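Coordinate inspection notes
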Amino acid sequence: MSAPNANAIVKKHASSGEKRGAGIIILEIVAILIFVLFMLPFLLVILNSAKTSKDIIISPISWPSDWTLIWKNIVTTLRKLPPPITWAHLSTPPSSQCSP
Amino acid sequence: LKRRGWVDFLFIFPCAFAFLMVIIFPFILGIYYAMTDWNGVRSTLNWVGFDNFKTMFSQPQFLYSFLTTLMYTAINIVLVNLAGFLMSLLATSRVKGRNFYRAGFFIPNLIGGIVLGYIWQFVFNNVFYDIGLVYMGQSLIARKETVIWAMSAVNTWQYAGYIMMIYVASIQAIPDSVMEAANVDGASYTTRVFKIMMPMMASAFTITLFLTLTNSFKQFDLNFTLTGGGPSMRFMDRVIQSSQLLAMDIYATNQSNQMAQAQAKAVVFFIVLVVFSLVQVYLNKRKEVEA
């Protein structure tokens, strides 16, 4: 009596294992989709950092035509940064800092 | 024993002094300012009692912000926890590269709300507009009907990964033998999740619900950068900002040099947040005991 029951359990687990295989593929597809959804805004930031301001407005989701622009944009941004604050800035009275 | 007391005092003093000066003293001073007519500039203060509190409850903007904050908090508690829980099930399943996905889902939480707000503002106003994901021809953050939902979607995107991590830790703490026993007994996956996993994760739910409640209620950075409080709408015959949450309303009041009024709002904000949080923790702890 116990042997057929044991076989039935083994068969049941074997079939559920096959089903789980299909289930895992579905889960993997879901995981990839969620991952893409989570990364999409960052991808857009990278894509648009290799475009001119005009190109970003015209087509925000298109592929950049010239990837070297990314370096030019980074250099432009770094050049716009204010000079680092030094001890001299802090110790100089504000009135003398404002003079041209 | 007396000498030991002095040593203890010396060790505790720096921390206690900092706590008193940075938290307790400004808090008490804030309550005092809330009962004056201080505008941030004048050096003399006049005692006005509860006038600031009475005024705030007659302001359409404050009342609307209060209701919007409650709605925003309720939406976020559901969305963030649901997304976080489902993602944790995914990240603890037998999916290949689950650690990679875990890290990917957590990344939005590593970037500050200010930067994310500006990124998503661009996505809503340019990208979604380009692909036609709009409501009545306008960006989702430009319509009062959709702006709260848009903000909630961004908050869920940012915060679900963090909540997922708490759930993942809790799922991993469940002994394998329990899940295997349920499997052998023929329990389906849904039965195992609802009847075994979730009751055993009760303490994690207490923490995540508390975190989502307080963080959604205190939301400021995302609100400030993504919508700036807009778009405008009419409420109680006044023009108000439709997505201005309570924290941002306090900031806006402060920016208009009504310091005492802003302080009174902050006191009410604090009381409401504490009451809600305590009720939530009390109810969850009771559930934990039942589980």
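Refer to the preceding data block for the structure.
Scope of this entry: the structure provided in the associated data block. (Residues numbered from 1 in each chain as written. Chains lettered and ligands numbered in written order. Predicted model: local features only at pLDDT ≥ 70, side-chain atom pairs only at ≥ 80, totals over all residues. Heavy atoms only, no water.)

Scanning chain A for helices and strands turns up five helices and zero strands. Reading the secondary structure of chain A in the N-to-C direction produces α-α-α-α-α. Counting the 100 residues in chain A, one finds 18% classified as buried. (Helix = DSSP H or I, 4+ residues; strand = E, 2+ residues; numbered from the N terminus. Buried < 20%, exposed > 50% of the residue type's maximum accessible area, 1.4 Å probe, protein only.)

What follows concerns the overall build of chain B. Assigned secondary structure in chain B consists of twelve helices and two strands. Moving toward the C terminus, one meets the helices and strands of chain B in the order α-α-α-α-α-α-α-α-α-α-β-β-α-α. Referenced to the eigenvectors of the C-alpha coordinate spread, the extents of chain B come out at roughly 75 × 75 × 30 Å. Residues classed as buried in chain B amount to 43% of the 291 residues present. When contacts within chain B are restricted to residue pairs at least 6 apart in sequence, those whose partners lie at least 24 apart make up 71%. Carbon and sulfur atoms make up 68% of the accessible area of chain B, which amounts to about 15800 Å² in all. For chain B, the centre of its 20 positive side-chain charges and the centre of its 13 negative side-chain charges are spaced 3 Å apart. (Contact = heavy atoms within 4.5 Å. Areas by Shrake-Rupley, 256 points an atom, 1.4 Å probe, with all protein chains shown as cover. Lys, Arg positive; Asp, Glu negative; His and termini not counted. Charge placed at Lys NZ, Arg CZ, Asp CG, Glu CD.)

Listed by partner, the interface residues are 25 residues for chain A and 25 residues for chain B. Buried surface at the junction of chain A and chain B, both sides included, amounts to about 2200 Å², of which 78% is carbon and sulfur. Of all residues in chain A, F35, F38 and F42 of chain A bury the most surface against chain B, accounting for 27% of the area lost on that side. Here chain A is connected to chain B by two residue pairs in polar contact (both at pLDDT 80 or more). Those elements that place two or more of their residues in the side of chain A that touches chain B are α1 (2-48) and α2 (53-58) of chain A. Per-element accounting of the side of chain A that touches chain B gives the leading share, 19 residues, to α1 of chain A. (Buried area = accessible area lost by both parts, 1.4 Å probe. Polar contact = N/O pair within 3.5 Å; in protein donor to acceptor, adjacent residues only side chain to side chain.)

Right, let's get into the environment of R102 of chain B. Residues and elements named next belong to chain B. If you trace the backbone, R102 turns up in helix α4 (residues 98-106). According to the relative accessible area criterion, R102 is buried, its value standing at 14%. Note: C-alpha distance between R102 and G49 (53 residues apart in sequence) is 52 Å. Discounting chain neighbours no more than four positions away, the residues touching R102 are A91, T92, M164, M165, V168 and Q172. At a separation of 2.8 Å, a polar atom in the side chain of R102 contacts the main-chain carbonyl oxygen of A91.

Further remarks concern helix α11 (residues 246-255) of chain B. Given 3.6 residues per helical turn, the α-helix brings residues three or four places apart onto the same face. For α11 of chain B, the set of buried residues is L246, A247, M248, D249, I250 and T253 of chain B. Trailing α11 of chain B by a residue or two, N257 of chain B shows a phi angle of about 65°, which is positive.

Looking now at the packing of helix α3 (residues 60-91) of chain B against helix α6 (residues 147-172) of chain B. Residue and element names in this part refer to chain B. Taken N-terminus to C-terminus, the directions of α3 and α6 make an angle of 45°; their axes are 6 Å apart at the nearest point. As far as their axial angle goes, α6 and α3 are oblique. Crossing hand, α3 versus α6: right-handed. Grouping the constituent residues of the contact of α3 with α6 by class yields 20 nonpolar, nine polar and no charged. (Axes fitted to C-alpha atoms, helices over the stretch in contact; angles between N-to-C directions. Parallel < 35°, antiparallel > 145°, perpendicular 65-115°, else oblique. Left-handed = near helix turned anticlockwise from the far one by under 90°. Nonpolar A, V, L, I, M, F, W, Y, C, P; charged D, E, K, R; others polar.)

Let us now look at the pairing of strand β2 (residues 238-241) of chain B. All names here are of chain B. Two strands pair when backbone bridges link them, and strand β1 (residues 232-235) and β2 are joined in this way by four bridges, in the antiparallel orientation. Paired with R234 across the bridge in β2 is V239. Turn length for the β1-β2 hairpin, with the two strands adjacent in sequence and antiparallel, is two residues, and the turn residue M236 shows positive phi of about 55°. (Pairing = 2+ DSSP bridges.)

Bringing the pattern of salt bridges into the picture now. Residues and elements named next belong to chain B. A full pass over the atoms with the stated rule returns four salt bridges over all chains. Taking the shortest distance from any N to any O, the salt bridge between K144 and E145 comes out at 3.7 Å. Assessed through its relative accessible area of 41%, K144 is described here as partly exposed. For D249, the salt bridge is made with K265, and the minimal N-O distance between the two is 3.1 Å. Taken together, the residues span a long stretch of sequence, with D249 in helix α11 and K265 in helix α12 (residues 259-290) at a distance of 16 residues. Given a relative accessible area of 2%, D249 falls into the buried group. (Salt bridge = Lys/Arg side-chain N within 4 Å of Asp/Glu carboxyl O.)

To continue, consider the packing of aromatic side chains. All chains considered together, the criterion is met by 33 aromatic pairs over all chains. Relative to F100 of chain B, the ring of F35 of chain A lies with its centre 4.8 Å away and its plane at 35°, an arrangement referred to as tilted. Of this pair, F35 of chain A sits in helix α1 while F100 of chain B sits in helix α4, each in a different chain. The exposed category is assigned to F100 of chain B, whose relative accessible area is 52%. On the numbers, 5.6 Å between centres and 85° between planes, the contact of F85 of chain B with Y167 of chain B is edge-to-face. Here F85 of chain B is found in helix α3, whereas its partner Y167 of chain B is found in helix α6, with 82 residues between them in sequence. Using a relative accessible area of 0% as the deciding quantity, one classes Y167 of chain B as buried. Ring-pair connections join several aromatic residues into one group, and the members of that group are F35, F38 and F42 of chain A together with F100, Y101, F105, W120, F124, F128 and W157 of chain B. (Phe/Tyr/Trp six-rings, centres within 6.5 Å; stacked < 30°, edge-to-face > 60°.)

The subject of this paragraph is the nonpolar core. One recurring pattern in soluble globular proteins: nonpolar side chains tend to sit buried together. Counting 35 residues, the largest nonpolar core has F105, W120, V123, F124 and L226 of chain B as the members making the most contacts within it. If you list the elements that add at least two residues to this core, you get α1 of chain A together with α3, α4, α5 (113-131), α6 and α10 (221-227) of chain B. Element by element, the count of residues in this core is highest for α6 of chain B, at nine residues. Those residues in contact with F124 of chain B that sit more than four places away from it in its chain are Y129, S139, L140, I141, A150, V154 and L226 of chain B. With 19 residues, the next largest nonpolar core counts V80, V193, A204 and F205 of chain B among its residues. (Core = buried A, V, L, I, M, F, W, Y, C linked by side-chain atoms within 4.5 Å.)

Looking at the second largest pocket, its volume works out to about 240 Å³. Looking at the lining of the second largest pocket, the elements with two or more residues in it are α1 of chain A together with α5 of chain B. For the lining of the second largest pocket, the element with the most residues is α1 of chain A, which contributes four residues. Looking at the lining of the second largest pocket, its residues break down into six nonpolar, two polar and no charged. (1 Å grid on protein atoms, 1.4 Å probe; cavity = no way out; pocket = protein on both sides within 12 Å on 5 of 7 lines; lining within 4 Å. Points joined across faces, edges and corners; volume = space filled by probe spheres on them.)

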